[in-house]
Every structure is written in structure tokens, then in C-alpha cells.
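Residue-level structure breakdown
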Amino acid sequence: MAPVRSGAFLYEGLAMTKVKICGLTSEQAIDAAASAGVDYIGFNFFAKSPRFAHPARARELAEYTPTGITKVGLVVDVDNEFLEDLIKSVPLDVLQLHGSESAERVSEVKERFGLPVIKAIGIATKDDLQKIETYGDVADQLLVDAKAPKGSELPGGNGLPFDWELIKSISWPKPWMLAGGLNPENVALAVQSTGALQVDTASGV
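Scope of this entry: the structure provided in the associated data block. (Residues numbered from 1 in each chain as written. Predicted model: local features only at pLDDT ≥ 70, side-chain atom pairs only at ≥ 80, totals over all residues. Heavy atoms only, no water.)

**Some words on helix H6 (residues 187-194)**
- All of the buried residues in H6 are Val187, Ala190, Val191, Ser193 and Thr194. The buried side chains of H6 occupy one side of the element, clustering within an arc of 165 degrees when seen end-on.
- On its buried face, H6 is in contact with strand S7 (176-178) and strand S8 (198-201).
- After H6 finishes, the residue Gly195 shows a positive phi value of roughly 75 degrees. (Buried < 20%, exposed > 50% of the residue type's maximum accessible area, 1.4 Å probe, protein only. Helix = DSSP H or I, 4+ residues; strand = E, 2+ residues; numbered from the N terminus. Arc of directions from axis to C-beta. Contact = heavy atoms within 4.5 Å.)

Set out below in C-alpha cells:
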């Protein structure tokens, strides 16, 4: 992970925008993110990701994280046993479901584990927008990301943006985050184009 810029770093001029940085794997990255004033940090529990954090290591990092920063656990199509073990091991505040989980599965996870759920949605064309309403009925928040390209082993975090015009006039059913290829050069335009009040980045910083 590249060093996170101090101060407002990539959010200069966007003081009202909440910030999530996902895939942190070291105390140094947490220090940098905290000094930059982030609102959320994410630990990635998808084993194929280059930003994967083993639960034992994530526990150390979660306990190191300053009070006031929301700790999010990213998982992909995992079963209840995995989630039970994860939640027992790592003091998470929120679960992020970043796979092909159905709306019914989102509801089940919320009810069974008692944590707020962010559901990630991959967007490439207008046909994908129906998922915003579908998951908006059950998730606590939505995360709108670029749909993974064919053949990618990663469901998100590929460093690719999508066409922001697709969501410009959406009536959002729940709070939401914008993700997908955000970096210091394009995030201001992304927020201005979409009206996003929350942004999520990983490889971009």
C-alpha cells in the first residue's frame, strides 16, 4: 500500500465527505489513515486479495485502531461458521459483504450476527442499477463499486472507475459510499459528479 498523505490528503476541499480506506495491513498504514482523518478503515478477509489480512493479524490491527474510527470487515460469499469465528476473533463494528450475496443472505447476516451490513454492488451498465433498490431494502449502507472485469479473481478493489453518470440522478434508499478507482487526482470530480457523501478507496492511496 502506498503511503497515505497526511492532513486532508485526497479529500482537500471536501470536508463534509466521509472517508473509508480499505485493505489496511500495518500499524503504519493505520497511523497514516488516522492522521488523515478517515472515518472508516477496512480489513480485507478475502484470501485472494493482495490486501488480505489474516484474522489473527486483523485483531491486532483492530485493537490498535484509535477510538472513533469505524472498523469494517470485508468478506466475500462466506458461510456462517466463517463469520462466527471472525466476529469472535476481531472486534469489528460493521460487516461489508462484497460478493454475490443475495438480499436474503444480507438479511440473514444482519439478524444472526447483530452488526450493521454494507452491501457492495458492482456497476457497469444501467442494468445493474436495479440492485440498488433490491439491496437498499435490506442493507444498512450500500457501496457502489465498478463491476469486476471478466476473468478477475477480485470482486472489487481492481482500481477501476465506472461511468459516474449512471448514478447521477439515483434516489438512494440508504446511505451509500462511492468506490472504484478513486485517487487523489479524480476524487473531487467523482464527488462533484455523483453527490457522494462517502468515498471508499484502497489501491488508489
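**Some points on the pattern of salt bridges**
- Tallied over the entire structure, the rule returns 12 salt bridges.
- The salt bridge involving Arg57 is made with Glu27; its shortest N-O contact spans 2.7 Å. Of this pair, Arg57 sits in helix H2 (residues 55-64) while Glu27 sits in helix H1 (residues 27-35); the two residues are 30 residues apart in sequence, bridging distant segments of the chain.
- The salt bridge partner of Asp93 is Lys71, with a shortest N-O separation of 3.4 Å. Placement of Asp93 in the loop between helix H3 (80-89) and strand S4 (94-97) and of Lys71 in strand S3 (residues 70-75) is noted, with a sequence separation of 22 residues between them.
- Salt bridges linked by common partners bring Glu27, Arg57 and Glu60 together as one network. (Salt bridge = Lys/Arg side-chain N within 4 Å of Asp/Glu carboxyl O.)

**Observations concerning the nonpolar core**
- Formed by 52 residues in total, the largest nonpolar core has its most connected members in Ile41, Phe43, Phe45, Leu142, Phe162, Trp176 and Leu178.
- Considering every element that reaches this core, the biggest residue donor is helix H4 (residues 103-113), with 4 residues.
- With near-sequence residues (within four places) excluded, Phe162 lies in contact with Ile123, Val144, Asp145, Ala146, Ile167, Leu178 and Ala179. (Core = buried A, V, L, I, M, F, W, Y, C linked by side-chain atoms within 4.5 Å.)

**A look at the packing of aromatic side chains**
- Scanning all chains against the criterion turns up 1 aromatic pair.
- Here the aromatic rings of Trp172 and Trp176 are separated by 4.0 Å at their centres, their planes lie at 10 degrees, and the arrangement is stacked. The pair formed by Trp172 and Trp176 is uniform in burial state, with each residue classed as buried.
- Above the plane of the ring of Tyr135 lies Lys119, whose end atom (NZ or CZ) is 4.9 Å from the centre. (Phe/Tyr/Trp six-rings, centres within 6.5 Å; stacked < 30°, edge-to-face > 60°. Lys NZ or Arg CZ within 6 Å of the ring centre and 35° of its normal.)

**Re the pairing of S4**
- By the alternation rule, side chains of S4 split into Val94 and Gln96 and Leu95 and Leu97, which are all buried.
- As judged from the 4 bridges shared by S3 and S4, these two strands associate in the parallel manner. Opposite Val75, over in S4, you have Leu97 as the bridge partner.
- In the classification by handedness, the crossover that spans S3, the intervening H3 and the parallel S4 is right-handed.
- Pairing of S4 with strand S5 (residues 117-123) involves 3 bridges; the strand directions are parallel. Residue pairing in the sheet places Leu95 in a bridge with Val117 of S5. (Pairing = 2+ DSSP bridges. Right-handed = clockwise from strand over helix to strand, strands pointing away.)

**Quick word on the packing of H3 against H4**
- Interhelical geometry of H3 versus H4 gives an angle of 40 degrees and a closest axis separation of 12 Å. One finds that H3 runs oblique with respect to H4. Considering the relative orientation of H3 and H4, their crossing is right-handed. On H4, the residues touching Asn80, Leu83, Glu84 and Ile87 of H3 are Arg105, Glu108, Val109, Arg112 and Phe113. (Axes fitted to C-alpha atoms, helices over the stretch in contact; angles between N-to-C directions. Parallel < 35°, antiparallel > 145°, perpendicular 65-115°, else oblique. Left-handed = near helix turned anticlockwise from the far one by under 90°.)

**Considerations on the environment of Ala29**
- Take Ala29: it is sitting in helix H1.
- Each C-alpha atom, one on Ala29 and one on Ile41, is 10.0 Å from the other, the two residues being 12 residues apart in sequence.

**Re the environment of Ala33**
- Relative to the helices and strands, Ala33 resides in helix H1.
- Overall, Ala33 belongs to the buried group, its relative accessible area being 0%.
- Residues Ala33 and Lys20, 13 residues apart in the sequence, show an inter-C-alpha distance of 9.1 Å.

**Topic: unusual backbone geometry**
- Although it is not a glycine, Asp77 sits at a positive phi angle of roughly 50 degrees.
- Mapping Asp77 onto the fold places it in the loop between S3 and H3.
- With relative accessibility at 44%, the residue Asp77 sits in the partly exposed group.

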